[in-house]
2 protein chains.
Amino acid sequence: MPDLPAATPPDAPPERVPFEQLRATLARIFERHGTSSEVAAILAANCAGAERDGAHSHGVFRIPGYLATLASGWVDGHAVPEVQDVAPGFIAADARNGFAQPAWAAAQALLVAKARANGIALLAIRDSHHFAALWPDVEPLAEQGLVALALVNSMACVVPHGGRQALFGTNPIAFAAPRGEGEAPLVFDMATSSMAHGDVQIAAREGRLLPENCGVDAEGRPTRDPRAVLDGGALLPFGGAAGGHKGSALSMMVELMAAALTGGNYSFGFDWSGHPGAQTPRTGELLIAIDPARSAGRSFAERCGELAHALAAAGQPRLPGQQRHRQRADSLAHGVPLARATWQELRRLAGEA
Amino acid sequence: MPDLPAATPPDAPPERVPFEQLRATLARIFERHGTSSEVAAILAANCAGAERDGAHSHGVFRIPGYLATLASGWVDGHAVPEVQDVAPGFIAADARNGFAQPAWAAAQALLVAKARANGIALLAIRDSHHFAALWPDVEPLAEQGLVALALVNSMACVVPHGGRQALFGTNPIAFAAPRGEGEAPLVFDMATSSMAHGDVQIAAREGRLLPENCGVDAEGRPTRDPRAVLDGGALLPFGGAAGGHKGSALSMMVELMAAALTGGNYSFGFDWSGHPGAQTPRTGELLIAIDPARSAGRSFAERCGELAHALAAAGQPRLPGQQRHRQRADSLAHGVPLARATWQELRRLAGEA
């Protein structure tokens, strides 16, 4: 399947598609290409939400990858996750070779209840495919007043610091903390690699060079060419020349927590060679939720607001998550900006045009 | 108080001091300079352990800072921590303006029991002074079969990414994971700043330049001069030119988890100006312990061993913590290497010479 047309061609003003319409169209696309209606609804809300927030590398850009993977038989679009209450603070979810998001949706209410009852709780998802942004997994917990951490491993495309061979995934870490009433939570979502894989693909498509210290080619030589990274090369851990060992250690931690602690595969631990077109890593995900109502001293929301103000006073131009929340407000008010050709192609895939 | 003589002068072979002797001498030093015998024993084991492991920036190098702080009246060397069982998975400890390590020692057995009973548990320490390495806080948990994460904030000396003013501490994150019987756990301990503060002090003392992208001077201009960083300048978050926003986001997470979630001070939230000589930050610490026996699939120790082998096969020269464990074995077999003048000064401070 070809890529979708570029999301923001310089020569045409974008369409402004109402968020609910985009969501419904994406749900039809998923359902027509091999998922249950339940899975389609969850993936569509996730993907449309990323596009709405301006997180293009995890928005509709991902649709061809989802569909190629479903067509390859690598992922089970009809999987019904199994949630197991293992201990007062420990939930296990078997995604049964389905996507991670339906397993997360099935366990979310139990995780919130356990975090409130115990002060902290975790959800260990295994045998799951995560092909989306990670902030949508933590943000709903912060909106319910919890502090949340999520880690997911992916597919071997990052060379450990000082090593020769790709082993880690881009292995993102996401964090969310609630602020006061009416304030968007503080949220970040970062690859522990130098870049997210989707951003390398976008750079390749747009013919842009990567920054220094981001990747190596197939011979392990430093390169700024995104195609060399994608074509047998690899990414480096984030941290730059002086701090790559730290990004590498964090990436190792993500492997241990998202895979070894969940019972999921390591990023180097699955073989999709029998499924040409497959793009979604079959790994695991760990979520931790903490109830700050148990904390001593002033309310957590108040403390969080204090830090936000101090960051602004210290000259930090914006808070983590703030740009995304601004784009969200704009998209909800005026429609989600999409290139005309992209929107036409999505409607075609949905059988709407 | 002057610095101790340099730990490894190039012109003299070091003394080899038996570990137990070093520990006992340091305990005498602490007790003679204003701590209870209980606090002295805990700090001495911690500090001697860092020196034993070759972690010089947190070994006996720290003694003058401890003593200057005790002399200033900033920290209470006789504080008795209060441990509160807040919820099935949540322990709070009030260090009562004492050091963090006695609070951690007082709560450790309860944290281990709660992690085993619930699958996950946390310890929130507040009003505490942490002037030591962070790996000694997580390693004992891994030795008891638990996966452990620790976060501690410190004192405003790191400029948030894109900002103008120091706000964050060096804010380290430490992680430990158990391996099989007889294998040292996987452990890392990293500042979320470009460097640890102690390493900047050591570079200044030894007249070495810092790497690129590590610090700024008092006017906010990039500098490689460690004295300019210490003298009104500041460190940058780790991550280098392309990833500084990630190090900055992690540092923010440490502030929120180690301070806001515990009820401790932010790194910019205490005033020690009335205590000249004070060097220990009065903040908070968060520890999370997870019981991997609750995990699905093969044993965690087995999975951890599998990753360690894969890292070696991918060419990573050593595992996190490995160099420290090698140095430990050498120190325990042959004594802890200390410059003769350093050891003499320590014995003098202990009233032994």
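Residues numbered from 1 in each chain as written. Chains lettered and ligands numbered in written order. Predicted model: local features only at pLDDT ≥ 70, side-chain atom pairs only at ≥ 80, totals over all residues.

**Q** Requested: an account of the packing of helix α2 (residues 37-52) of chain A against helix α4 (residues 100-118) of chain A, with residues and values cited.
**A** Residues and elements named next belong to chain A. In the contact formed by α2 and α4, the axes pass within 9 Å of each other and the chain directions differ by 100°. Judged on the interaxial angle alone, α4 and α2 are roughly perpendicular. In contact with E38, V39, I42, L43 and N46 of α2, α4 contributes Q101, P102 and A105. Taken together, the residues of the contact of α2 with α4 break down into five nonpolar, two polar and one charged. (Axes fitted to C-alpha atoms, helices over the stretch in contact; angles between N-to-C directions. Helix = DSSP H or I, 4+ residues; strand = E, 2+ residues; numbered from the N terminus. Parallel < 35°, antiparallel > 145°, perpendicular 65-115°, else oblique. Contact = placed C-beta atoms within 7 Å. Nonpolar A, V, L, I, M, F, W, Y, C, P; charged D, E, K, R; others polar.)

**Q** Can you break down the relation of the copies chain A and chain B residue by residue, with the values?
**A** With an RMSD of 0.0 Å, the fit of chain A onto chain B corresponds to turning through 180° and sliding 0.0 Å along the axis. Overall, the copies show the geometry of a two-fold rotation axis. Considering only C-alpha atoms, the part of chain A nearest the rotation axis is G239 of chain A, at 1.8 Å. The overlap is high: 100% of the interface residues of chain A also sit at the interface in chain B, so the same surface is used on both sides. (Least-squares fit on C-alpha atoms with pLDDT ≥ 70 in both.)

**Q** With reference to specific residues and values, describe the interface of chain A and chain B.
**A** Contacts between the two partners involve 64 residues from chain A, matched on the other side by 64 residues from chain B. Sorting the residues of the side of chain A that touches chain B by element identifies β2 (82-87), β3 (90-99), β4 (120-129), β6 (173-177), β7 (186-190), α8 (240-260) and α9 (300-313) of chain A as the ones contributing at least two each. Top element by residues in the side of chain A that touches chain B is α8 of chain A. It accounts for 11 residues.

**Q** Which residues make up unusual backbone geometry, and what values go with them?
**A** Phi at N171 of chain A takes a positive value of approximately 40°, unusual for a residue other than glycine. Within the secondary structure layout, N171 of chain A lies in the loop between β5 (147-152) and β6. Of the residues examined, N171 of chain A has 29 C-beta atoms within 10 Å and is grouped as buried. In this structure, N97 of chain B is a non-glycine residue whose phi angle is positive, near 65°. We classify N97 of chain B as partly exposed; it has 14 C-beta atoms within 10 Å. (Buried ≥ 20, exposed ≤ 12 C-beta atoms within 10 Å, placed from the backbone.)

**Q** Break down the sheet that holds strand β8 (residues 215-216) of chain B for me, with residues and values.
**A** With respect to topology, three strands assemble into an open sheet ordered β9-β8-β10 (chain B), the strand pairing being antiparallel. With one partner strand each, in any of the chains shown, β9 (222-223) and β10 (234-235) of chain B form the two edges of the open sheet. (Pairing = 2+ DSSP bridges.)

**Q** I'd love a proper account of the nonpolar core, names of residues and values included.
**A** Counting residues in each nonpolar core, the largest one holds 244 residues, and the members touching the most others are V138 and A148 of chain A together with V138 and A148 of chain B. Beyond its immediate stretch of four places on either side in the chain, A148 of chain B contacts V138, L141, A142, A176, L287, I288 and A289 of chain B. (Core = buried A, V, L, I, M, F, W, Y, C linked by C-beta atoms within 7 Å.)

**Q** Can you lay out the sheet that holds strand β8 (residues 215-216) of chain A for me, pointing to particular residues and giving the numbers?
**A** All names here are of chain A. One open sheet holds the three strands; their spatial order is β9-β8-β10, and the pairing between them is antiparallel. Strands with a single pairing partner mark the edges of an open sheet, and in this sheet they are β9 (222-223) and β10 (234-235). Examined bridge by bridge, β8 and β9 share two bridges and lie antiparallel to one another. Among the inter-strand pairings, V216 is bridged to a residue of β9, identified as P222.

**Q** How would you sum up the packing of α8 of chain A against helix α9 (residues 300-313) of chain B? Please name residues and give values.
**A** To characterise two packed helices, one gives the angle between the axes of the helices and the distance between these axes. Two elements in contact, α8 of chain A and α9 of chain B, have axes separated by 11 Å at closest approach and are oriented at 140°. In terms of orientation, α8 of chain A and α9 of chain B fall into the oblique class. Relative to α9 of chain B, α8 of chain A is oriented so that their crossing is right-handed. Between α8 of chain A and α9 of chain B, the residues in contact are E255, L256 and A260 of chain A and F300, R303, C304 and L307 of chain B, respectively. Of the residues assigned to the contact of α8 of chain A with α9 of chain B, the class counts are five nonpolar, no polar and two charged. (Left-handed = near helix turned anticlockwise from the far one by under 90°.)

**Q** Lay out the domain arrangement of chain A in plain terms, naming residues and giving numbers.
**A** Residue and element names in this part refer to chain A. Its domain assignment divides chain A into domain 1 (1-72 + 335-353) and domain 2 (102-193 + 236-322). A separation of 24 Å is found between the C-alpha centroids of domain 1 and domain 2. Across the boundary between the two partners, domain 1 contributes 16 residues, which contact 12 residues of domain 2. If you list the elements that add at least two residues to the side of domain 1 that touches domain 2, you get α2 and α3 (63-72). The leading source of residues in the side of domain 1 that touches domain 2 is α2, at seven residues. Split by residue class, the side of domain 1 that touches domain 2 holds eight nonpolar, six polar and two charged. (Domains from an automatic or database assignment.)

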